[in-house]
Amino acid sequence: MADEPIHVAVMNDVIPVSGGAERLIVHQLLALDPARFERTLIVTRWDPAVAASAAGAGVIARLEAAGVRVAGIRRRSRVSPRAWLSVVRLLRRRGVDVLHSHKTGANYAAVVVGRLAGVPVIAHEHLAHGDGVHFGLSRARKLADRHLMGRLATMVLCVSEADDARLVAVEHLPRRKVRLVPLGIPAPETCPPSRADARRELGLAQDDIVIVATAMLRPEKRHDVLVAALARLGPAGAGAVTLVTGDGVPRGALEAQAQSLALGARVRFLGTRTDVPRILAAADIGVLCSDREGTPLALLEYMQAGLGIAATRVGGVPDMIRDGREGLLVAPGSPAELAEALTRLCADPDLRYRLGAAARRRRHDTFDLPGFVHTLEELYGELAGAGTPR
């Protein structure tokens, strides 16, 4: 019937506890109009330990309380025919109208299982894989995108102009299948703590200059460049305290690097945190030093918090932050350039305030969650009425 809700299934490899794309999935599912959309989250690498953790259980409870059904698939490898067959059966049994996958691994799987289940598939690209003519992609990756996503996906969403150009010019996806959809984040649900309270709770002095890096500890995020830059800060930044959130394989190496550079308590690795708004409330400067990015949610959160920002000029970052207007942009992989930008921000509170206020305005005007979700809702309606993928 025409007035029946459209059933949208969002598919991701892991329970969306941490990471920018994962947090976006939670925002997306919660923001969809429940009167128009039935919502299911499919997690294809279900980890019982994560599901039982405080963070995992909290996310699952929040989604289920909002009417989102959560389905866990216990696959043990990329292939796992039985696991993927169970996804096909789930899509058919629940009458899913649109399958929306996030990130590369889930995208490749979704276009296959979606085709088998006869539902339209939206593959969501979150990462610009480099800059320049070749975009740093392997031949295998280009072929996989062209022949899997290009032929089987009904629509491919990208989050930056760099990704849009890559998908069409380098990987030769049909222009009609590629759409640029800027991401957005919600306004804070509650007022963050005051700067003074946040600093007291985190054990920071009220007059400290505080730098934060809230990206996940993944190799491409290049926290090693940040640590190297902190050792090069000029006198204005020599006493700054840097808080690094997130966890991952590089953490041990990063801690050893910080120790070898005698940074001591000037850099603190906090691990996975669920109180990022509190950390941002305590901060003066937000830093992102990735080698490649799409539209990083960490950067959107810095913008919303009105921080002075230093970020690398990669992927979709220049679409978000214009150098000298909403932040300072530097070349990737350059501790010297990053140290210079951070020193400028440490030395000049008026510059931090001006850039932070402009960044907050730009986040509100351009990267708003309601606008992002409205675009998705219209696209879901369009695809649900279009039949199976062509």
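A quick note: this is a predicted structure, and the numbers were derived from the prediction, not measured. Residue numbers run consecutively from 1 along every chain, following the written order of its sequence. Given that this is a predicted model, residues contribute local features only at a pLDDT of at least 70 and side-chain atom pairs are listed and counted only at 80 or more, while totals for whole chains, interfaces and linings are drawn from all residues. Note that the side-chain values use all heavy atoms of the structure and ignore hydrogens as well as water.

### Concerning unusual backbone geometry
Generally, phi is negative for residues other than glycine and the peptide bonds are trans, each holding for most cases. Rule in force here: Helix numbering and strand numbering both begin at the N terminus, where a helix is a DSSP run of H or I of at least 4 residues and a strand a DSSP run of E of at least 2.
Phi at Arg222 is positive, roughly 55 degrees, even though this residue is not glycine. Of note, Arg222 is situated in the loop between β8 (210-213) and α9 (223-230). Its identity as a non-glycine residue notwithstanding, Ala262 has a phi of 60 degrees, on the positive side.

### Re the packing of aromatic side chains
Under the convention used in this document: For this analysis, a ring pair means two rings from Phe, Tyr or Trp (six-membered ring only for Trp) whose centres lie within 6.5 Å, classed as stacked if their planes differ by under 30 degrees, edge-to-face if by over 60, and tilted for the remaining angles. Here the term buried applies to any residue with accessible area under 20% of the maximum for its type, exposed to any over 50%, and partly exposed to those in between, with areas from a 1.4 Å probe on protein chains only.
Overall, the coordinates contain 1 aromatic pair when judged by the stated rule. Between the aromatic rings of Phe37 and Tyr380, the centroid separation amounts to 5.8 Å while the plane-to-plane angle is 70 degrees, which identifies the pairing as edge-to-face. With Phe37 in strand β2 (residues 37-43) and Tyr380 in helix α16 (residues 369-384), this pair connects stretches of sequence that are 343 residues apart. In this pair, the class of Phe37 matches that of Tyr380, namely buried.

### Looking at the sheet that holds strand β7 (residues 178-180)
For clarity, the threshold we go by: Strand pairing is defined by DSSP finding a minimum of two bridges between the two strands. To define axes, lines are fitted to C-alpha atoms, for helices over the stretch in contact only, and angles between the resulting N-to-C directions are given on a 0 to 180 degree scale. Any two residues whose heavy atoms approach within 4.5 Å are treated as being in contact.
With parallel pairing, the 7 strands of this open sheet are ordered in space as β3-β2-β1-β4-β5-β6-β7. In this open sheet, the two edge strands, each paired with only one partner strand, are β3 (69-72) and β7. In this sheet, neighbouring strand axes are inclined to one another by 20 degrees on average, regardless of whether the strands run parallel or antiparallel. Here β2 runs beside β3; their pairing, made up of 4 bridges, is parallel. Its bridge partner being in β3, Leu41 is matched across the sheet by Val70. With respect to the sheet, α16 is in contact with β1 (6-12), β2, β4 (98-102), β5 (121-124), β6 (155-158) and β7, its orientation differing from that of β4 by roughly 135 degrees.

### Structural notes on the sheet that holds strand β10 (residues 267-271)
Here 6 strands make up an open sheet; going across it, the order is β10-β9-β8-β11-β12-β13 and the pairing parallel. The sheet terminates laterally at β10 and β13 (328-330), the two strands that pair on one side only. Adjacent strand axes in the sheet meet at a mean angle of 20 degrees, parallel and antiparallel pairs treated alike. The pairing of strand β9 (residues 241-245) with β10 spans 4 bridges and is parallel. Considered in β10, the bridge of Thr245 is made with Gly271.

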